[in-house]
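# Observations on chain architecture
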Amino acid sequence: MKGARGGVIGVGGAAGGGLMRTRLRLPVVLISCSLFFLAGFFGSLLFTQDPQAAEEVDLPARREQLLEAAWPEMAYGESGESAPSLIPYQILSWQPRALYFPQFATSEQCDNIVQVAKARLEPSTLALRKGETAESTKGIRTSSGTFLTANEDPSGTLAEVEKKIARATMIPRNHGEAFNVLRYEIGQKYASHYDAFDPAQYGPQKSQRVSSFLLYLTDVEEGGETMFPYENGENMDTGYDYEKCIGLKVKPRKGDGLLFYSLMINGTIDPTSLHGSCPVIKGEKWVATKWLRDHTVY
Ligand SMILES: *[C@@H]1O[C@H](CO)[C@@H](O)[C@H](O)[C@H]1NC(C)=O
């Protein structure tokens, strides 16, 4: 898959280079033991539980227990965590830098967020460039949505998700804008755009959006993909039509997260971070977006 790699945040996948052959033995033994342990564990689940009970197994919690058993905790400082955590991710692309987080939220958490947002939906709006008006930009973004801060959600779900986003990105919570919860019905879309604001087009900015975290709140039967038309620098010189749904397409899956960076490491806007939402063809798409900024928001 074009060099994409899965990984686990918080477990330090970076094995130090230059290990001597003799020193490899202990890790190899440890890894083998862990693998046997995992295989045994899941094997026993298969054989000892009836199907009804197996459905009730809380997989993310189980995985975290396994992980804690396999990787004993490190000494930690004042603000650290007492044990390793498991937040699996897959790198989707390096240009733009995009990561996928399967099962980032539970199905119940997704339902809670939709529930809270439903009562407050309004047609989505755009940040306007110089010279643009609401009328001239009609049709670019046709979803409905609402902004929600974590403490506007009485179920506490948005706070939980916000904390987890902060842990996964190590960008503190107070760098995040309020959640923008969006609903796309059949035919609704968001033409390709940047989340960062180019001062040349939008005027001086007090702070900039560094990255965006999208949490898909529903499965979408057909369409509704998040697309990156300029992945790997492709389609950039071809007079790309911003309405067109091309390039890297990420199919929404309930509970999964997508993180991508709008800025390059040196702080300039990454041209390949252009993205949009393909029209929903069948079903309904709900997504919660959190924009993370380089300055604190509150
Ligand atoms: C920032 O980094 C990009 C990619 O490495 C490079 O193309 C660009 O020229 C850099 N911009 C500045 C202002 O250094």
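Residues numbered from 1 in each chain as written. Predicted model: local features only at pLDDT ≥ 70, side-chain atom pairs only at ≥ 80, totals over all residues.

Attention shifts here to the pairing of strand 3 (residues 97–101). Counting buried positions along strand 3 gives four out of five residues, so the element sits mostly inside the fold. Here strand 2 (residues 87–94) hands over to strand 3 after two residues, the two strands then running antiparallel side by side. Two strands pair when backbone bridges link them, and strand 3 and strand 12 (residues 257–261) are joined in this way by four bridges, in the antiparallel orientation. From the neighbouring strand, L99 faces strand 12, where its bridge partner is L259. (Buried ≥ 20, exposed ≤ 12 C-beta atoms within 10 Å, placed from the backbone. Helix = DSSP H or I, 4+ residues; strand = E, 2+ residues; numbered from the N terminus. Pairing = 2+ DSSP bridges.)

The next thing to look at is the packing of helix 4 (residues 107–118) against helix 5 (residues 157–169). Their axes nearest at 9 Å, the elements helix 4 and helix 5 cross at an angle of 120°. In terms of axis orientation, helix 4 runs oblique to helix 5. Here the hand of the crossing between helix 4 and helix 5 comes out left-handed. Contact residues: helix 4 offers Q109, N112 and I113, while helix 5 offers T157, L158, E160 and V161. Across the contact of helix 4 with helix 5, the residue classes tally to three nonpolar, three polar and one charged. (Axes fitted to C-alpha atoms, helices over the stretch in contact; angles between N-to-C directions. Parallel < 35°, antiparallel > 145°, perpendicular 65-115°, else oblique. Left-handed = near helix turned anticlockwise from the far one by under 90°. Contact = placed C-beta atoms within 7 Å. Nonpolar A, V, L, I, M, F, W, Y, C, P; charged D, E, K, R; others polar.)

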